[in-house]
Amino acid sequence: MKAIIIAAGSGQRISKYVKSIPKSLINVNGKAIIDYQIRALKQAGINEIIIVTGKFGEKFKMKDIQYVKDPDHQNHDILGSLMEAKEFLKDEVIVLYSDIIFEYKIIKQILDSKENISIAIDNNWEQHYEGRTEHPKSEAENVLINEKKEIMEIRKNIENKNNNVGEFLGIIKFSKQGGDIFIKKYENAIRKEKKKFHDASSISKAYLTDMLQELIDQGVKIEPVFISGKWSEIDTMQDLKRAEKLFLN
């Protein structure tokens, strides 16, 4: 089992306060976000870790880590950054956003999934947005689940009518077959690129959620893994202060 951490983004909303390091290297109670992630992965027995870097890639100094430079990170979004490391999707792998802190048990829960593609979902997500005026609930990456516990839709700002909407944490597990499916569907989408790709202006500017929606629309099963445990996204200084309280010990 491998892990890919996508850390090529610039983190624009928080970068005006932290200008010279990647967001994933911001300290939370004296330890970098990415160090929390690496510790949780290693606790789960995942020791082969790949970090996709962009601006300030030279700032990453962790040992026993493989680095993949995304030279085009300014011209595409997180999906394009992941595709720079697509050779690592050819084995069983966990893919992570680089701006989330989580407990080890959340990784353990998604590792227990036997499906080809699984994503971590928090059903109690709305409580995390109380007081987050700088990052409102409308910006959550929501997941719509039907009565059969199947994922129907994944995008921002889905109305939670029947308590059937969760939040995607930014953690995906691929089997070898799942990784193959993902790459093939991505390459097919690139070949017939249109101006708009789901919620993105083009596939070049797409998020991971846009590609997941493409898979859903094509009938590919994506397994929801409903997690329990502490986690925190850090996108603003307000988020950082919240994470410092949540992960105080």
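Scroll up to find the structure.
Residues numbered from 1 in each chain as written. Predicted model: local features only at pLDDT ≥ 70, side-chain atom pairs only at ≥ 80, totals over all residues. Heavy atoms only, no water.

Caption draft 1: Here's a closer look at the packing of helix H5 (residues 176-191) against helix H6 (residues 208-217). The contact between H5 and H6 brings their axes to 10 Å, and the two run at 95°. As the angle between them shows, H5 and H6 are arranged roughly perpendicular. Touching Ile-181, Phe-182, Lys-185 and Tyr-186 of H5 are Leu-208, Met-211, Leu-212 and Leu-215, all from H6. Broken down by class, the residue content of the contact of H5 with H6 amounts to seven nonpolar, no polar and one charged. (Axes fitted to C-alpha atoms, helices over the stretch in contact; angles between N-to-C directions. Helix = DSSP H or I, 4+ residues; strand = E, 2+ residues; numbered from the N terminus. Parallel < 35°, antiparallel > 145°, perpendicular 65-115°, else oblique. Contact = heavy atoms within 4.5 Å. Nonpolar A, V, L, I, M, F, W, Y, C, P; charged D, E, K, R; others polar.)

Caption draft 2: Seen up close, the pattern of salt bridges. Applying the stated rule across the entire model yields 14 salt bridges. Residue Lys-86 pairs with Glu-187 through a salt bridge whose shortest N-O separation is 3.0 Å. With Lys-86 in the loop between helix H3 (78-83) and strand S6 (93-97) and Glu-187 in helix H5, this pair connects stretches of sequence that are 101 residues apart. As a salt-bridge pair, Asp-112 and Lys-108 come within 3.0 Å of each other at their nearest N and O atoms. Judged by its relative accessible area of 45%, Asp-112 falls in the partly exposed class. Put simply, Lys-2, Glu-48 and Asp-91 are held in one network by salt bridges that share partners. (Salt bridge = Lys/Arg side-chain N within 4 Å of Asp/Glu carboxyl O. Buried < 20%, exposed > 50% of the residue type's maximum accessible area, 1.4 Å probe, protein only.)

Caption draft 3: Representation of empty space enclosed by the protein in the model. Enumeration over the complete set of coordinates arrives at one cavity of 30 Å³ or more. Along its surface, the largest cavity is lined by His-128, Arg-132, Glu-167, Trp-231, Ser-232, Glu-233 and Arg-242. A breakdown of the residues in the lining of the largest cavity according to their chemical character gives one nonpolar, two polar and four charged. (1 Å grid on protein atoms, 1.4 Å probe; cavity = no way out; pocket = protein on both sides within 12 Å on 5 of 7 lines; lining within 4 Å. Points joined across faces, edges and corners; volume = space filled by probe spheres on them.)

Caption draft 4: Spatial organisation of the environment of Lys-55. Tracing the backbone through its elements, the reader meets Lys-55 in the loop between strand S4 (48-53) and strand S5 (66-69). For Lys-55, a relative accessible area of 43% puts it in the partly exposed group. Sequence spacing of Lys-55 and Ala-140 is 85 residues, and the spatial spacing of their C-alpha atoms is 25 Å. Ignoring sequence-local partners within four residues, the contact set of Lys-55 consists of Ala-8, Pro-22 and His-73.

Caption draft 5: Focus on the layout of surface pockets. As a volume, the second largest pocket reaches approximately 150 Å³. Per-element accounting of the lining of the second largest pocket gives the leading share, four residues, to strand S10 (residues 151-156). Taken together, the residues of the lining of the second largest pocket sort by class into two nonpolar, three polar and six charged.

Caption draft 6: Representation of H6. Where burial is concerned, most of H6 is hidden: nine out of the 10 residues are buried. Among the residues making up H6, those that are buried are Leu-208, Thr-209, Asp-210, Met-211, Leu-212, Gln-213, Glu-214, Leu-215 and Ile-216.

Caption draft 7: Up close: the packing of aromatic side chains. The tally for this structure, following the rule as stated, stands at five aromatic pairs. Consider the rings of Tyr-36 and Phe-247, whose centres lie 6.1 Å apart with planes at 70°: the pair is edge-to-face. A residue pair is termed long-range when its members are at least 10 positions apart, and Tyr-36 in helix H2 (residues 33-43) and Phe-247 in the segment after helix H7 (237-246) qualify at 211 residues. Each member of the pair, Tyr-36 together with Phe-247, is buried. Its end group placed over the ring of Phe-226, Lys-149 keeps NZ or CZ at 5.8 Å from the ring centre. The lysine or arginine in question, Lys-230, covers the ring of Phe-247, its NZ or CZ lying 5.1 Å from the ring centre. (Phe/Tyr/Trp six-rings, centres within 6.5 Å; stacked < 30°, edge-to-face > 60°. Lys NZ or Arg CZ within 6 Å of the ring centre and 35° of its normal.)

Caption draft 8: Layout of the pairing of strand S8 (residues 117-122). Of all the six residues making up S8, six are buried; the element is thus mostly covered by neighbouring parts of the structure. Burial along S8 is two-sided: Ile-117, Ile-119 and Ile-121 facing one way and Ser-118, Ala-120 and Asp-122 facing the other are all buried.

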